[in-house]
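Topology and contacts: notes
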Amino acid sequence: MGAAVIPPHLLVYRVVVERPKAKADRYGGVTNDWSDPQRWDFPCWLEAQTADLIGQVSAGTWLLMIPGDVSLGMADRLTVDGTRYRLNRPPITKRTPAGVSHVEAELITFEGVPRD
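Residues numbered from 1 in each chain as written. Predicted model: local features only at pLDDT ≥ 70, side-chain atom pairs only at ≥ 80, totals over all residues. Heavy atoms only, no water.

**Structural notes on the environment of Leu 64**
For Leu 64, the location among the structural elements is in strand 3 (residues 57–67). Between the alpha carbons of Leu 64 and Pro 91 there is a distance of 9.2 Å; along the sequence they are 27 residues apart. What Leu 64 contacts, discounting residues up to four positions off in sequence, is Cys 44, Trp 45, Leu 46, Leu 72, Leu 78, Val 103, Glu 104, Ala 105 and Leu 107. (Helix = DSSP H or I, 4+ residues; strand = E, 2+ residues; numbered from the N terminus. Contact = heavy atoms within 4.5 Å.)

**Structural notes on the pattern of salt bridges**
This structure, assessed with the given rule, holds 6 salt bridges. In this structure, the salt-bridge partner of Arg 84 is Glu 18, at a minimum N-O distance of 3.2 Å. With a gap of 66 residues between them, Arg 84 in strand 5 (residues 83–87) and Glu 18 in strand 1 (residues 13–24) connect regions that are remote in the sequence. Looking at Arg 84, the relative accessible area reads 45%, which means it is partly exposed. For Lys 21, the salt bridge goes to Asp 36, with nearest N and O atoms at 3.3 Å. (Salt bridge = Lys/Arg side-chain N within 4 Å of Asp/Glu carboxyl O. Buried < 20%, exposed > 50% of the residue type's maximum accessible area, 1.4 Å probe, protein only.)

**Some points on the packing of aromatic side chains**
Each aromatic ring pair is specified by the distance between its two centres and by the angle formed by the two planes. By the definition in use, this model includes 2 aromatic pairs. Here Trp 62 and Tyr 85 contribute two aromatic rings whose centre-to-centre distance is 5.7 Å and whose plane-to-plane angle is 70°, an arrangement assigned as edge-to-face. Here Trp 62 is found in strand 3, whereas its partner Tyr 85 is found in strand 5, with 23 residues between them in sequence. Residue classification places Tyr 85 among the buried positions, given a relative accessible area of 6%. Sitting above the plane of the Trp 34 ring, Arg 77 keeps its charged end 3.6 Å from the centroid. (Phe/Tyr/Trp six-rings, centres within 6.5 Å; stacked < 30°, edge-to-face > 60°. Lys NZ or Arg CZ within 6 Å of the ring centre and 35° of its normal.)

Laid out in structure tokens, this is it:
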């Protein structure tokens, strides 16, 4: 029996996932190296969950749905339609009696944050 998946016509957006490589810092610990990240592109669905205005900063959470065979890590950067997101918590693999359906991830983004 094949796994149930989200029909492709429902995944109308594309997400670019960037993953850093690991490198040792000067103290011997491991840190993320964003100088040449790995990149993947997947179909997805994205919908707003919450939006808050805190002073001049807009913060929002979003629900991302991607195919069930995609793996996301907490350090990953995700970009949909030019907006960059990060994972707010570990993603969840959704299952049906037929098998893995899709992966759901809660994303967060901030707008209006000063950048150096």
